[in-house]
Amino acid sequence: MSGFLNSTIARKFAMALSGLFLVIFLAQHFFINITSVFSAETFNEFSHFMGTNGFVQYVAQPILIFGVVFHFVMGFVLEIKNRNARKISYARYNGSANSSWMSRNMIYSGGFILIFLVIHFIDFWVPEINIKFIEGDMSGLDAAGNYRYYDHVVHSFEPIWRTVLYIVGFVFLALHLIHGFQSSFQSMGFNNKYSKALKGFTTAYAIIIPLGFIFIALYHHLN
Amino acid sequence: MNLTLKIWRQSDAGKKGRIVDYKIDDVSPDMSFLDMLDMLNEQLNNKGEEPVAFDHDCREGICGSCSLQINGEPHGPDRMITTCQLHMRTFKDGDTIYIEPFRAKAFPVIKDLIVDRSSFDRIQHAGGFISVNTSGNTIDANAIPVNKHDADKAFDAATCIGCGACVAACKNASAMLFVSAKVSQFALLPQGKIEATDRVLNMVRQMDEEGFGNCSNTGACEIECPKGISLENIARMNREYMSASLKG
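Residues numbered from 1 in each chain as written. Chains lettered and ligands numbered in written order. Predicted model: local features only at pLDDT ≥ 70, side-chain atom pairs only at ≥ 80, totals over all residues. Heavy atoms only, no water.

J.: How should the overall build of chain B be read in this particular structure?
T.: When its secondary structure is counted, chain B shows nine helices and seven strands. Here chain B holds 248 residues, and 55% of them are scored as buried. A total accessible area of about 10,800 Å² is found for chain B, and carbon and sulfur atoms account for 50% of it. Taking the average location of the 27 positive side-chain charges in chain B and that of its 34 negative ones, the two points are 5 Å from each other. (Helix = DSSP H or I, 4+ residues; strand = E, 2+ residues; numbered from the N terminus. Buried < 20%, exposed > 50% of the residue type's maximum accessible area, 1.4 Å probe, protein only. Areas by Shrake-Rupley, 256 points an atom, 1.4 Å probe, with all protein chains shown as cover. Lys, Arg positive; Asp, Glu negative; His and termini not counted. Charge placed at Lys NZ, Arg CZ, Asp CG, Glu CD.)

J.: For this particular structure, what's the right way to read the interface of chain B and chain A?
T.: Interfaces are frequently sized by the accessible area removed from exposure as the parts join. Contact residues are listed per partner, giving 46 residues for chain B and 36 residues for chain A. Roughly 3,400 Å² of surface becomes buried between chain B and chain A when both sides are summed, with 52% attributable to carbon and sulfur atoms. If you look at where chain B meets chain A, you find one salt bridge. The residue D208(B) makes a salt bridge to K81(A) at a minimum N-O spacing of 3.6 Å. (Contact = heavy atoms within 4.5 Å. Buried area = accessible area lost by both parts, 1.4 Å probe. Salt bridge = Lys/Arg side-chain N within 4 Å of Asp/Glu carboxyl O.)

J.: Is there a simple way to think about the sheet that holds strand β1 (residues 3–9) of chain B in this case?
T.: Sheets are built from strands that pair by backbone hydrogen bonding, the pairs being arranged parallel or antiparallel. Here we have five strands laid out as an open sheet, ordered β2-β1-β5-β3-β4 (chain B), and mixed in their pairing. Only two strands of the sheet have a single partner each, and these edge strands are β2 (18–24) and β4 (73–74) of chain B. (Pairing = 2+ DSSP bridges.)

J.: Teacher, can you tell me more about unusual backbone geometry here?
T.: Peptide bonds are, in most cases, trans, and in most cases residues other than glycine have a negative phi. Residue and element names in this part refer to chain B. One non-glycine residue, D112, adopts positive backbone phi at about 45°. Mapped onto the elements of the fold, D112 is located in the loop between β6 (109–111) and β7 (114–115). Non-glycine residue N217 carries a positive phi angle of around 55°. Note on placement: N217 falls in the loop between α7 (196–210) and α8 (220–224). Relative accessible area serves as the criterion here: at 10%, N217 is assigned to the buried category.

J.: What is the right way to read the domain arrangement of chain B from this model?
T.: All names here are of chain B. Its domain assignment divides chain B into domain 1 (3–110) and domain 2 (117–247). Domain 1 puts 22 residues into the contact, and the matching count from domain 2 is 20 residues. The contact between domain 1 and domain 2 buries some 1,600 Å² in all, and 59% of this surface belongs to carbon and sulfur atoms. Where domain 1 meets domain 2, there are two salt bridges. Linking D55 and R117 is a salt bridge whose minimum nitrogen-to-oxygen distance equals 3.2 Å. At the junction of domain 1 with domain 2, the criterion picks out six residue pairs in polar contact (both at pLDDT 80 or more). Here the side of domain 1 that touches domain 2 is composed, by residue class, of nine nonpolar, eight polar and five charged. (Domains from an automatic or database assignment. Polar contact = N/O pair within 3.5 Å; in protein donor to acceptor, adjacent residues only side chain to side chain. Nonpolar A, V, L, I, M, F, W, Y, C, P; charged D, E, K, R; others polar.)

J.: Can you walk me through the packing of aromatic side chains in this structure?
T.: Each aromatic ring pair is characterised by the separation of its centres together with the angle its planes make. Here the structure, examined in full by the defined rule, presents 26 aromatic pairs over all chains. Each ring, one from F107(B) and one from F212(B), has its centre 5.7 Å from the other, and the planes form 85°; the classification is edge-to-face. Of this pair, F107(B) sits in the loop between β5 (96–100) and β6 while F212(B) is found in the loop between α7 and α8, placing the two residues 105 residues apart along the sequence. One aromatic cluster in this structure is built from F30(A), F31(A), F116(A), F124(A), F157(A), Y166(A), F170(A) and F213(A). (Phe/Tyr/Trp six-rings, centres within 6.5 Å; stacked < 30°, edge-to-face > 60°.)

J.: I keep staring at the packing of helix α2 (residues 118–127) of chain B against helix α5 (residues 176–187) of chain B and nothing clicks. Help me out?
T.: Between two packed helices, both the angle of their axes relative to each other and the distance between the axes serve to describe the pair. Residues and elements named next belong to chain B. Contact pair α2 / α5: the axes reach a minimum separation of 11 Å and the direction vectors enclose 30°. By the angle between their axes, α2 is roughly parallel relative to α5. Classified by chirality, the crossing of α5 by α2 is right-handed. Residues F120, I123 and Q124 of α2 pack against F178, V179 and K182 of α5. Of the residues contributing to the contact of α2 with α5, the split by class is four nonpolar, one polar and one charged. (Axes fitted to C-alpha atoms, helices over the stretch in contact; angles between N-to-C directions. Parallel < 35°, antiparallel > 145°, perpendicular 65-115°, else oblique. Left-handed = near helix turned anticlockwise from the far one by under 90°.)

J.: Which parts of the structure should I look at to understand α2(B)?
T.: Turn by turn, an α-helix covers 3.6 residues, leaving residues three or four places apart pointing in a common direction. When α2(B) is considered as a whole, its buried residues turn out to be S118(B), S119(B), F120(B), I123(B), A126(B) and G127(B). Where the residues of α2(B) are buried, they touch α4 (165–169), α5 and α7 of chain B.

J.: In this structure, what is going on with the UniProt feature "transmembrane region" (unreviewed entry) in chain A? I would like to understand it.
T.: Residues and elements named next belong to chain A. Under the UniProt annotation, the feature "transmembrane region" (unreviewed entry) is placed at residues 55–78, 106–126, 160–181 and 202–222. Between the first and last C-alpha atoms of residues 55–78 the distance is 33 Å; the span itself is 100% helix and 0% strand. Within the segment residues 160–181, helix and strand shares are 100% and 0% respectively, and the terminal C-alpha atoms sit 30 Å apart. (UniProt positions renumbered as here; feature names shortened; annotations may be inferred.)

Pasting the structure below:
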């Protein structure tokens, strides 16, 4: 397997697969989060189920973490090879003449998303893991006996700095997905008469989902 | 037209190079870009200076010799042409033009603007062929029926002249468009099926060994290719490679 992953094409295939997996996860994450706008109760129930279900916690979550780590590590591995492939750069380089900004700067949009993810993990994932697995409290209830998930989200978006930070993170996510989502199909060998329609769908997805996340952050900040 | 040229000068592969400025006057808009460089070299010769070394051969857009990164794009700002087909009317009087060699670790500079593109030859040697007995038992070209769609796609791929513009344009100096064209021209034809598995595995292995970068699917190669080789070929090579890996 490691020999197979030495090839540029196999690496890009693996990159595409892990990226697509994360895109699907993102949709699931969004549909749970958006319930927080409509019903605190529904959001609490979803959150409690996701946080305590054995399959989600012990099967899906480790796969997700592996997918995230793999995507980032492979991204940097590919970038190192790319940089080595041109030791002396051009005195004048007109990249915008033949390619989009998003496609040329995936490493930077990805890097910002990595920083954002670390902050996001510290904000939400680490406290949850601490309560559930360190303190051993699997009830999901706060001191008053109510589910804590919705309140945690609302309190988190009270400060303007965190709201802005998340909005910036989602903008980078959109920029990354606009190229990455459609590019993953090319890396896996899919380029035919349906590609144009697929690009329309992937671009819409890349814009609508991050916009939705921005809406959720702003909604909780403003309310 | 009067122009300022900023040209990469490097005396040989082992020496460090640098950009040198040249003023050139009375350039005709009807000249080709290479004619303009010939004119500059005549002036340099007359002054007793070393002329600028650059690649050229057919000067009609079919050999792929003329390279040159012009103002940050391979073969200059026009589309679907090589440098010999680029005319000075594309530029304006008073323009400053950057002229650099195609940059890639796998394309080391030999001198000035000439790069060594033999890495492409080694990729071809690794699998860019079909084994046909030519010793008196040649099969008629039309003996095996090929459907029109596949024949056209194979021909489109075969129009690649191996100039290296795809590598020069790519931010990663990736050779995927070139290699995919050479894989596709056989992958689509019955004659190429026999060695298809080995071909794609060997050519991709050689491509990686030469030190070309990965494909980020920016599409720059397709835009800059003088022959309009499509990104479809890269997708086809990706499919060929993955299925060959599973078989082999």
